[in-house]
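Here are the chains, one letter per residue:
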Amino acid sequence: MSDLAKGGVVGAAFGEVFAILHDAVKHVIGQIKMFKPELELLQSTLDGVESTVRRIEELRIALNFPEKETKSLVEQMKKGKDLVDKCSKIKRRNWKYYVKAYFYSTKLSKLNRAIEKFCQVNLITQIAKTGMETLSQVNQNARIGSETLTQVKENARTGMETLAVANQNKTIGSETLTQVKQNTRTELEIKAEVNKNTTIGRETLDGVKHNTMIGLETKAEVSQNTRIGKETLTAVRTMSLALESQKSDVKKKYGTLSCAVPKPRDYIVGFDLHLKELKRKLLMEEVSVLILTALGGCGKTTLVKILGWDKEIIGIYMDRIFFVNVSKTPNLKVIVQNLFNHNCYDCPEFQSDEDAINQLEQLLNQIGTKVTKPILLILDDVWPESESFIEKFKFNIPNYKIVVTSRQAISRFDFGLNLNPLDHKDAMELLRHSASLQDGSSYILEEYMEKIVRYCGGLPIALEVIGSSLRRKSVEVWQSTVMRWSEGHSIFDSDNEVLACLQKSLDFSADKIILKEYFMDLGLFREDQRIPATALIDIWTELHEPSKNDVHVIANLHELNNRNLVSLVMTRKDAEEVNNYYNEDFVTQHDLLRELAIQLSSQKPIIERTRLIVDISENNLPDWWMKSQLINARLLSVSTDELFSSSWCNIQAPEVEALILNFQTRNYTLPEFVKIMVKLKVIIVTNYDFFPAELSNFQLLSSLPNLKRIRLEKVSISSLWNTLVQWRSLKKISLFMCNIGQTFGNSTIQVSDSFPNLMEINIDYCNDLVELPAWLCEFLHLKKLNITNCHKLSELPKEIGKLVNLEELRLRSCTELSELPESIRSLHKLRILDISDCLRIIKLPKHIGELHKLKELHMKECLSLRKQLPSSIIDLKELWLVVCDEERAKLWEPFEESFSKLKVMVAKKDINLNWLYKS
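Keep in mind that this is a model prediction, so the values were computed, not measured. (Residues numbered from 1 in each chain as written. Predicted model: local features only at pLDDT ≥ 70, side-chain atom pairs only at ≥ 80, totals over all residues. Heavy atoms only, no water.)

A. Structural view of the sheet that holds strand β2 (residues 321–327). Reading across from one edge, β2-β3-β4-β1-β5 is the order of the five strands in this open sheet, with parallel pairing throughout. At either end of the open sheet lies a strand with only one pairing partner, and these are β2 and β5 (415–418). Each adjacent strand pair in this sheet contributes to an overall mean axis angle of 20°, direction not counted. In this sheet, strand β4 (residues 400–406) lies alongside strand β3 (residues 375–382) in parallel orientation, the contact comprising six bridges. Paired with L379 across the strands is V404, a residue of β4. (Pairing = 2+ DSSP bridges. Helix = DSSP H or I, 4+ residues; strand = E, 2+ residues; numbered from the N terminus. Axes fitted to C-alpha atoms, helices over the stretch in contact; angles between N-to-C directions.)

Shown next as structure tokens:
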């Protein structure tokens, strides 16, 4: 109770007197039995009103109200103190004792009733008065707000300035409440004060045990005042919302909503599942950056617009969803300025990009840390060269997330989603809508729509543009369009918008411009056919990267895949497996992208083109071919159908460095004009018929001095190894699904002399290969020997140890191969040995430890290999990776202590049909 007497807490007069009286009563209450009931009642009253008196005095001082309301009680309490003192001194000596006792008892009761009356009436009246005065201040602020709203309606800009003034007044009001008679606080603080007054009134009434009718009426009055206060605050809040609404209208009118999510089109089809998956990933707790990738024209921007207007997402992020179009050359300062303007903050002048990012982080912290409000930033159309740009917008702010759209997958971020073209059903629906054929009663034949959908390949922009161009057109126009496309005319001839959209995907930076050359080479291959990854690698390495090895080309292939310009399909390859082997992998491409590659390659006259693509139907050669013109192309692709009779006319194409021949007949003769292609480095011959074809005139190739790589697919050859001519430049031979068993058995020459520089042989899916001939081991310069998926191959020649320069030996999926020759111990340069899926191999060579350079051993699914590994295995000091299955992994457990860096990787079972050949 002594704290109440401190002048800094309550008034000196009232507080000190109240404390003195209270202390005096407590002091004498146990000493004077005569007055004990009256003193106990007085002490109870004083205890009950102590906290109320303290709070009222605090508010009186804060509001600077006068002390006159308490002066009368102060005087009574002073007299009460004297009375208590006198009660303590009365003695039982004479008859005057009883007179004084009665007199003092009456005085004490009057003092108690006076204090009760003061608390029941005077204090509550003071509370009501204070509440009314506070509400008067609220009404005054409401009138000020109403006048401000009127000013906002008259002039938008003035309204924004007035809103700033109103915010300033709120601050002043906050300071005024703790100083002398200044404006009240903001509406939230006013509400708090009213609630405080109401609470004080209730606490006071609860503390007084004997409420009178006056007190009840006063309480009702206070409740009425409180209700008025709440109604007033509601009006103020309504005014504030109206101001915010007006502010939003002003933003929209004057375009300051520069970072608002644009509204998506009214009609959208085929995005429901993509939206569901996008939302699922976005709302994952561990996701901070989510990359949405797709080919240009697939609808990436449309999908994020739908996301920004989704009710569930708006319910989470409210008005804290920001949309920024990044584009090819983003201006970071301008983007940050727009974000400041969008949020109605004065934008500072940035000294640098770093300063702009620092200021943005402060802004987002201020926006997002109000009760940890989530923030969503959408960065649309981020170009591949701008990966580091995304990093600048990453901040350590709770519940802050970024969604990025890009034509390229960005590997540095863990979470992504690829947007695929529309399926057939949705593509048909979009075409009908774009061409105004939704009612189902169209006179346009379904056949024409089906073909157009197929030509557009499910690309939304192509379907919309082509559909719009055919809207309300006659059936003859539809028929003509389909016929022209089937006759070889490009879909891009119908509308430049589709061409322009897809061409944006080919805007490469200066250091990546080579990727455009790679992309245009893809048009050299047959439509709707898988392109072997190694065929592309052969062309790109020899023509575009002659001074580099295949690794650089493979990296660029992955770059095209990341940019969604091709799809690289990995066959029978576990995600964890470290492997640079691409012989079984292939590439597919969207039909429109192939059209784009051909369109870009065909812009110049035929004789000036770098890439020349020729499709021959039956024996109908192009007119220019019949004229024997000089062709300057570096890459030549010639495709013939099943009716072609191999009746070639010579053309002059001395500059050709890569020749691709595609055919579908049971017999095929290499054209004579090949022998004058003295610059030819790569030839790829592919039979697209079901059965292998007999290839003749193959000896022509031996006269080409610069030929380095040969790839043959689904052919039978009898003269490859029987020519006496030297293939001095030939470095690589690839045979896929070829009949070679007879050829290998019929060789009568010293083949090592004919192929002095052969470094790589690939034999894949050659099912007639039963035994590998011994003479194959005479290629002393051979570095790579890959014999895979040859299911009838049962043994390797003992002479394989002669291949002393061999670095890679892959025998995967040779299911009948029962053992590895012991002579393999002589392959001291061997780095990679792959016997995966060799089901009949029961043991490793006893002296395998002599392969001192061996780094990788692949032995997955060698189901018959169950015996203990040879003890020499511990001598493989450079072995760092073993890829195997769980059962084979156990065989390595006894040797774990012998290898400090060895990683035994258990490959997951990879069940897919990607490896099946598709014609």
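B. A look at helix α21 (residues 550–562). Over its 13 residues, α21 runs 18 Å from end to end, which matches the ideal 18 Å to within 8%, given 1.5 Å per residue. Looking at α21, one finds that the buried residues are D550, V553, I554, N556, L557, E559 and L560. Taken together, the buried residues of α21 touch α19 (514–521), α20 (533–543), β7 (567–569), β8 (586–588) and β15 (709–713). Positive phi appears at N564, one or two residues downstream of α21, with a value of about 65°. (Expected span 1.5 Å × (residues − 1). Buried < 20%, exposed > 50% of the residue type's maximum accessible area, 1.4 Å probe, protein only. Contact = heavy atoms within 4.5 Å.)

C. Structural view of the nonpolar core. If you look at the biggest cluster of nonpolar residues, it comprises 95 residues, and the most contacted ones within it are W625, L701, L712, L785, I787, L833 and I835. Listed in part, the 86 residues of the second largest apolar core include L307, C456, I461 and L502. (Core = buried A, V, L, I, M, F, W, Y, C linked by side-chain atoms within 4.5 Å.)

D. Looking closely at the pairing of strand β19 (residues 784–788). Of all five residues that make up β19, four are buried, and the element is covered over most of its length. Of the pairings in the sheet, the one linking strand β18 (residues 760–764) to β19 comprises five bridges and is parallel in character. Bridge assignment links N762 to a residue of β19, and that residue is N786. Sheet topology places β19 next to strand β20 (residues 808–810); three bridges connect them, and they run parallel. Each bridged residue has a counterpart across the sheet, and for K784 the counterpart in β20 is E808.

E. Inspection of the environment of W624 at higher detail. Considering the arrangement of structural elements, one finds W624 in helix α23 (residues 623–626). A C-alpha to C-alpha distance of 8.3 Å links W624 and I606, two positions 18 residues apart in sequence. The residues touching W624, leaving out its near neighbours within four places in the chain, are I606, L612, V614, Q629 and I631.

F. Inspection of the environment of A435 at higher detail. Summarising the element assignment, A435 is placed in the loop between α14 (424–434) and α15 (446–456). The exposure class assigned to A435 is buried, which follows from its relative accessible area of 2%. C-alpha separation for the pair A435 and L470, spaced 35 residues apart in sequence, amounts to 6.0 Å. The contacts of A435, once residues within four sequence positions are left out, are G467, R471, R472 and W478.

G. Molecular detail of a negative patch on the surface. Taken together, the side chains of E771, E795, E819 and E822 present a region of like negative charge at the surface. Relative to the elements of secondary structure, E819 occurs in the loop between β20 and β21 (832–834). The exposure class assigned to E819 is partly exposed, which follows from its relative accessible area of 46%. (Patch = residues over 30% accessible without salt bridge, like charges linked within 9 Å, V, L, I, M, F, W, Y side chains within 5 Å. Areas by Shrake-Rupley, 256 points an atom, 1.4 Å probe, with all protein chains shown as cover. Salt bridge = Lys/Arg side-chain N within 4 Å of Asp/Glu carboxyl O. Lys, Arg positive; Asp, Glu negative; His and termini not counted. Charge placed at Lys NZ, Arg CZ, Asp CG, Glu CD.)

H. Focus on the pattern of salt bridges. One pass over the structure, following the stated rule, counts 33 salt bridges. One salt bridge in this structure joins R711 and E713, with 3.3 Å as the shortest N-O distance. Under the relative-accessibility criterion, E713 is labelled buried at 5%. Bridged by salt links that share partners, the residues D538, E542, K708, R709, K731, K732 and E760 form one connected network.

I. How the structure looks around the confidence of the model for the protein. Mean pLDDT over the protein: 77, with 72% of residues reaching 70 or higher. Here residues 162–166 is modelled with pLDDT under 50, and outside its nearest four sequence neighbours on either side it reaches four contacts, counting other chains as well. (pLDDT = per-residue confidence, 0-100.)

J. Broad picture of the packing of aromatic side chains. This structure, assessed with the given rule, holds 17 aromatic pairs. Seen from their ring centres, F663 and Y668 are 4.0 Å apart, and the 10° between their planes marks the pair as stacked. Relative accessible area serves as the criterion here: at 0%, Y668 is assigned to the buried category. Ring centres of F736 and Y765 lie 5.9 Å apart, and the angle between their planes is 75°; this geometry places the pair in the edge-to-face category. One end of the pair, F736, is in strand β17 (residues 732–736); the other, Y765, is in the loop between β18 and β19, and 29 residues separate them in sequence. Of the aromatic side chains, those joined through ring pairs into one cluster are W624, W625, F644, W648, F663, Y668 and F673. Of note, K263 hangs over the ring of W309, and the distance from its end group to the ring centre comes to 5.6 Å. (Phe/Tyr/Trp six-rings, centres within 6.5 Å; stacked < 30°, edge-to-face > 60°. Lys NZ or Arg CZ within 6 Å of the ring centre and 35° of its normal.)

K. Molecular detail of the side chain of R888. Within the fold, R888 resides in helix α26 (residues 886–891). Residue R888 is classed as buried on the basis of its relative accessible area of 1%.

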